[in-house]
Amino acid sequence: MARLSRAERRRLRKFERAVERMEPLDREIFLGIRVDERSYRQLANKHGMTLQQVEQHFANALFVLMQVPTEKPPDWWQFWRW
């Protein structure tokens, strides 16, 4: 595996901190889906909840990740500049 550059390590640490800021159940659902590759149904059964509740917790987790600032503004930002 190739070593990460300083910028890549910094970006990875930002996302790690974002995962740490998630609510505990949101984090568990997120990691279950993205890291452990479990299905929504498996997680719903494990936690005794509906598929919709799993989806909501996953959406909450993604919302936290969307708050992580990126190095450059999104492309659409240029369209709205005066």
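Residues numbered from 1 in each chain as written. Predicted model: local features only at pLDDT ≥ 70, side-chain atom pairs only at ≥ 80, totals over all residues. Heavy atoms only, no water.

(A) The nonpolar core, seen in detail. Core analysis: the biggest nonpolar cluster contains 15 residues, and M22, I29, F30, I33, V54 and L65 have the highest contact counts within it. Mapped by element, the contributors of at least two residues to this core are helix 1 (6-21), helix 2 (24-34), helix 3 (40-47) and helix 4 (51-66). Looking at this core, the element that brings in the most residues is helix 4, giving 5 residues. Discounting residues that sit within four places of it in the chain, F30 has contacts with V19, M22, V35, F58, A61, L62 and L65. (Core = buried A, V, L, I, M, F, W, Y, C linked by side-chain atoms within 4.5 Å. Buried < 20%, exposed > 50% of the residue type's maximum accessible area, 1.4 Å probe, protein only. Helix = DSSP H or I, 4+ residues; strand = E, 2+ residues; numbered from the N terminus. Contact = heavy atoms within 4.5 Å.)

(B) Structural view of the environment of R21. Here R21 lies in helix 1. The spatial distance from the C-alpha of R21 to the C-alpha of V64 is 7.8 Å, given a sequence separation of 43 residues.

(C) Seen up close, the packing of aromatic side chains. Enumeration over the complete set of coordinates arrives at 2 aromatic pairs. Residues F30 and F58 carry aromatic rings whose centres are separated by 6.1 Å and whose planes lie at 20 degrees to one another, so their mutual orientation is stacked. Of this pair, F30 sits in helix 2 while F58 sits in helix 4, and the two are 28 residues apart along the sequence. The same class applies to F30 as to F58, namely buried. A centroid spacing of 6.0 Å and a plane angle of 65 degrees characterise the contact between Y40 and F58, whose relative ring orientation is edge-to-face. Pair noted here: Y40 is in helix 3 and F58 is in helix 4, with a separation of 18 residues, a long-range link. Given a relative accessible area of 28%, Y40 falls into the partly exposed group. Connected via pairs of aromatic rings, a cluster forms that spans F30, Y40 and F58. (Phe/Tyr/Trp six-rings, centres within 6.5 Å; stacked < 30°, edge-to-face > 60°.)

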